[in-house]
Structure formats: C-alpha cells, structure tokens
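Below, each chain spelled out in residue letters.
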Amino acid sequence: MPVDVRLPTVLRPHVGGKATIQVEGSTIADILRQLESEYPGLSGQVLGEDGTLRRFVNVYVNDDDVRYLSELDTPVKSGDEVSIIPAVAGG
Amino acid sequence: MAAFGSVLDLIGNTPLVDVSQLSPNPDVRLLVKLEGQNPGGSVKDRVALSMIERAEAEGLLVPGKPDQVLLEPSSGNTGIGLAMICRVRGYHLKVVLPANVSIERRQLLQVWGAEIIESPGAEGSNGAVRMARGLVADHPEWVFLYQYGNPANPEAHYRGTGPEIWRDCPELTHFVAGLGTSGTLLGVGRYLKEQNPDVELWAVEPPSGELVEGLRNLDDGYIPPIFEELGGAELLDRKTIVRPRESIEWTRRLVEVGVFAGISAGATLAGAVRCAAQVPAGERAVVVTVAADGGWKYLSTGAWTDDIDVVTERAKSIIYF
C-alpha cells in the first residue's frame, strides 16, 4: 500500500529534490526501512544504528507524532501522509 | 480595584474565555486563555519576569546597578517581555532575533529600548540560539537567561498559568498548548497532572523544521534542554503538527467569537479542535488552550484581510511561533 512521505528541505537532495515521495509499507518501521533502502543517501539520516528514530527526527502520521502513538510500530494505511520533520527551536 | 504599583504587577491572571461555539463536538466545551492580555502582549511576560526575578534572587542581576547587560535569543515574544522588564529595572537588553520575524515584533523591541542583533532568517530560531551562545562565550560578563534551558521558564507556568487554569476550570479534561521552548506545557502540564492525573496534555507544533531552509543536516536539530531535563516526552500524551494554512484559518475563526489573537493561537486552537473532534460521541470533555498573544503584532502579514493562499505563503517565510 503506497503512502505519501513528505520530506523536509534538508533531506530532499537525497531523493532528487522531491518534496513528496510514495513508499510502500504497513508500519512506520516498514516505510522508513524501505525509504532508506531505495535512497541510499538517506541511510542513517532518519534511523540510528540501533534501528530507532534519531534524536532530532520527528515522524508524523497524518499530523500526529508517532513517538506518542506506537512509535515505529504505528500502523499506516493507503492514503495516509507521513511527514519527516527535524526538531528545531521555537520561542 | 486598587491601583497597581508597577506595570509588572499586571503580568498573569489572564482571562479564560469560553469559545465553545467553535467546538466541532457538541459534547466538548472549548476554552481559551487570553495571554495577549499581559502588559507586554504575550504569555512570555510571565517567563521573562520569572527568569529575571530568579537571576536577581541569585545575585546575577542587581536592580539599579549600572551597566548590566543581558543577552537572549528570541523570535520575539520573550525578547519583548524582557525588553519591557529591563526598561523598568534599568538593565540593557540585547536580543538575537531572526531576520524574518514580523516587523511589529522588531518595533516592539525598539519601543522598550532593546538592542537587536540580527541572525540569518533562513536558520530560524536555531540560528538565533547558536549565535547567542557564541556571543556569550566571548562576553562571559553578560547575563544569559537562556529561556530554552532555564527552569524559571516552566516554573512561571507551574506557579502562575497552571494554578489559574485549575482555579477557573477544575473540570478540564484536556490541555492543549504550543511547543516552542516547551515551558508552558512543562509547567502547566505538571501542575494539572498533579491535581488530576487523568488530564490529557496535547502539544501543538508548527512544521518549522520543514520550512527552515538553512538547516544543513539533521544533526543541526534542536530540543530545548528543559524539555529533556524535565521529562517532557513522558509528560505529554500527544503531539500534533498544525500547518500554516490551518493556523490562519483558525486565527480567522477566532474572530467570529470576537477574539483577536496571534497566528500561533490559531495553530493551538486548530490542535484543540482536533482534540475535541476525537472525543467519542456522548462523552463529555472540556478542552482548555492558550492563545499566546494578541493579533496586533501580525497585522502587517494581512492574516485576516488578504487572500488566504497569499497569506499562507507569507506565513511560511516568517516566524510566527
């Protein structure tokens, strides 16, 4: 099932400049592994060596941060939108 | 009502207003705390006063002593609150301000005599933090309150904002606020959970990390030290992202009930509406949210009057959170 993945400006050079790409998978873990294998430049940017989300990376399914859902086991379905967004300062 | 001794005595005790007309769920009440009523115009007056009072208590600042300099990175509101208080107390304030904030934020800093040091707009608030850290390393004599790492920031909300909300609305079931420095959520959230552990805490974020173009790689990211030190991730129940268009739409919807608030208030209201919408039918809930400031500082963005597509594009290039 393809889902749309939105990428931040900082990651776009690794996917040929695209802002959104379609990736297959039924959980966030599937999506991220698939993404890293299809675009080798992304490898290690989103997931750390231990397979968990890197510290400054937030991943959202339809606007909800997966760290407060089921983290990498959060399910995704066709038509969902996944956003990868770096943590930055505010205030 | 007795006369107040100083404008600083007007900080806090802001009104909580029922805006349930905007609730998408007839069983869910919606209330918003109007922080724009603070004398410096935003919730950050509380934080600025708390940080300065702590620095004075610790002897880092001495009221009336000449040539005392403070430096603070801020996208605006904390800088404005500090500028007002520094003017009253006689301190010199330098604010590291990203170049792409609204013109009114810059003007208000100047009103109270703060010195502005501009950081690159493309680097957003991260760039302001980085530049400020570099400057204080070269000037250890400057007082660096550092809102992102100062426990007096969440403490202002633990002692003020949280108890006020509990006093005015003990029946609340959900609290929704923006996540900038994380001070509001940490302070109010901890206080409310101590009163009633079942209160759910929702954080609202703008997609800043998607928009900041000057981020070189993900290791340039930033998490406020207070968020990690005070267990923010464990405290929050949910975190949701609200994009610029939706923020502006809800900033406009607030006007329908007479509330003229800033664009970040539209974002937090959008989060509160999302929260209200997921409460199951027939279940009663009371959602309280915070409007961090009034609309005055955003008039130049045309947020209420110009075509929404145009304003949305404009909002992407200014920092409104």
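What you see is a predicted model, and the numbers here were worked out from it, not measured in a lab.

Peer 1: Would you mind going over the overall build of chain A in detail, with residue names and values included?
Peer 2: Scanning chain A for helices and strands turns up one helix and five strands. Secondary structure elements of chain A occur, N-terminal to C-terminal, as β-β-α-β-β-β. Over its C-alpha atoms, taken along the principal directions, chain A stretches across nearly 35 × 30 × 25 Å. The proportion of buried residues among the 91 residues of chain A is 33%.

Peer 1: Tell me about the nonpolar core, and name the residues and values.
Peer 2: One broad rule of soluble globular proteins: the nonpolar side chains tend to lie buried together. Residues and elements named next belong to chain B. With 121 residues, the main nonpolar core has F175, A276 and V287 as its most contacted residues. When residues in this core are grouped by element, the largest group, nine residues, is from helix 11 (residues 263-277). Residues lining this core come from more than one domain, with at least three contributed by each of domain 1 (7-37 + 162-317) and domain 2 (44-144). Beyond its immediate chain neighbours, meaning those up to four positions away, A276 contacts S23, P24, N25, V28, L30, A285 and V287.

Peer 1: A description of the pairing of strand 4 (residues 92-98) of chain B should follow, citing residues and the corresponding values.
Peer 2: Residue and element names in this part refer to chain B. The buried fraction of strand 4 is high, at six of seven residues. Of the pairings in the sheet, the one linking strand 3 (residues 69-73) to strand 4 comprises five bridges and is parallel in character. Its bridge partner lying in strand 4, L71 is registered against K94. Of the strand pairs in this sheet, strand 4 and strand 5 (residues 115-119) are connected by five bridges, and their pairing is parallel. Bridging across to strand 5, L97 finds its partner in E118. Crossover handedness for the path strand 4 to helix 3 (residues 103-111) to strand 5: right-handed.

Peer 1: I'd like to hear about the domain arrangement of chain B, residue by residue, with values.
Peer 2: All names here are of chain B. Here chain B is described as being made up of domain 1 (7-37 + 162-317) and domain 2 (44-144). Placing the centre of domain 1 and that of domain 2 at their C-alpha centroids yields a distance of 24 Å. Contact residues are listed per partner, giving 20 residues for domain 1 and 20 residues for domain 2.

Peer 1: If you had to explain the interface of chain B and chain A to someone new, which residues and values would you point to?
Peer 2: In this complex, chain B contributes 33 residues to the contact, which on the side of chain A involves 21 residues. Of all elements in the fold, only helix 4 (124-138), helix 7 (208-211) and strand 9 (238-241) of chain B reach the threshold of two or more residues within the side of chain B that touches chain A. Tallied by class, residues from the side of chain B that touches chain A come to 13 nonpolar, 14 polar and six charged.

Peer 1: How would you summarise the environment of Q22 of chain A if you had to cite specific residues and measurements?
Peer 2: All names here are of chain A. Within the secondary structure, Q22 sits in strand 2 (residues 20-24). Judged by C-beta crowding, with 9 C-beta atoms within 10 Å, Q22 ranks as exposed. In the structure, Q22 is positioned 18 residues away from D4 in sequence and 4.6 Å away in space, judged by C-alpha atoms. Not counting residues within four places of it along the chain, the set of residues in contact with Q22 comprises P2 and D4.

Peer 1: Quick one: what's the story with unusual backbone geometry, residue by residue and with numbers?
Peer 2: The phi torsion at D63 of chain A lies on the positive side, around 80°, for a residue other than glycine. Within the secondary structure, D63 of chain A is located in the loop between strand 3 (57-61) and strand 4 (64-65). We note that D67 of chain B has phi near 60°; this positive angle belongs to a residue other than glycine. Mapped onto the elements of the fold, D67 of chain B is located in the loop between helix 1 (44-57) and strand 3. Given 7 C-beta atoms within a 10 Å radius, D67 of chain B is considered exposed.

Peer 1: Pulling in residues and values, what's your account of helix 1 (residues 28-38) of chain A?
Peer 2: An α-helical turn contains 3.6 residues, so any two residues separated by three or four positions project in the same direction. Residues and elements named next belong to chain A. Residues of helix 1 that are buried: I28, I31, L32 and L35. Take helix 1 and look down its axis: the buried residues cluster within an arc of 90°, on one side only. Those residues of helix 1 hidden inside the fold are in contact with strand 1 (2-6), strand 2, strand 3 and strand 5 (81-86).

Peer 1: Quick rundown of the sheet that holds strand 4 of chain B? Include the residues and the values.
Peer 2: Residues and elements named next belong to chain B. Judged by pairing direction, the sheet is parallel, and its four strands sit side by side in the order 5-4-3-6 without closing on themselves. At either margin of the open sheet sits one strand with a lone partner, and together these are strand 5 and strand 6 (143-144). Pairing analysis gives two bridges linking strand 3 to strand 6, with the strands arranged parallel. Looking at the pairing, L70 lines up with V143 of strand 6.

Peer 1: Describe helix 5 (residues 152-168) of chain B, with residues and values.
Peer 2: Taking 1.5 Å per residue, 17 residues should reach 24 Å; helix 5 of chain B reaches 23 Å between its end C-alpha atoms and fits that length. Along helix 5 of chain B, the residues that are buried comprise A152, N153, P154, E155, A156, H157, Y158, G160, T161, G162 and I165 of chain B.

Peer 1: Just give me the short version of the packing of helix 5 of chain B against helix 6 (residues 183-195) of chain B, but keep the residues and values in it.
Peer 2: Residues and elements named next belong to chain B. One can describe the packing of helix 5 onto helix 6 by two numbers: an axis separation of 7 Å at closest approach and a directional angle of 50°. Taken together, the axes of helix 5 and helix 6 lie oblique to each other. As helix 5 runs across helix 6, the sense of the crossing is right-handed. Along its contact with helix 5, which presents N153, P154, E155, A156, H157, Y158, T161, G162, P163, I165 and W166, the element helix 6 presents G183, T184, L186, G187, V188, R190, Y191, L192 and Q195. Class assignment of the residues belonging to the contact of helix 5 with helix 6 gives a composition of ten nonpolar, eight polar and two charged.

Criteria and cut-off values
Residues numbered from 1 in each chain as written. Chains lettered and ligands numbered in written order. Predicted model: local features only at pLDDT ≥ 70, side-chain atom pairs only at ≥ 80, totals over all residues. Helix = DSSP H or I, 4+ residues; strand = E, 2+ residues; numbered from the N terminus. Buried ≥ 20, exposed ≤ 12 C-beta atoms within 10 Å, placed from the backbone. Core = buried A, V, L, I, M, F, W, Y, C linked by C-beta atoms within 7 Å. Domains from an automatic or database assignment. Contact = placed C-beta atoms within 7 Å. Pairing = 2+ DSSP bridges. Right-handed = clockwise from strand over helix to strand, strands pointing away. Nonpolar A, V, L, I, M, F, W, Y, C, P; charged D, E, K, R; others polar. Arc of directions from axis to C-beta. Expected span 1.5 Å × (residues − 1). Axes fitted to C-alpha atoms, helices over the stretch in contact; angles between N-to-C directions. Parallel < 35°, antiparallel > 145°, perpendicular 65-115°, else oblique. Left-handed = near helix turned anticlockwise from the far one by under 90°.

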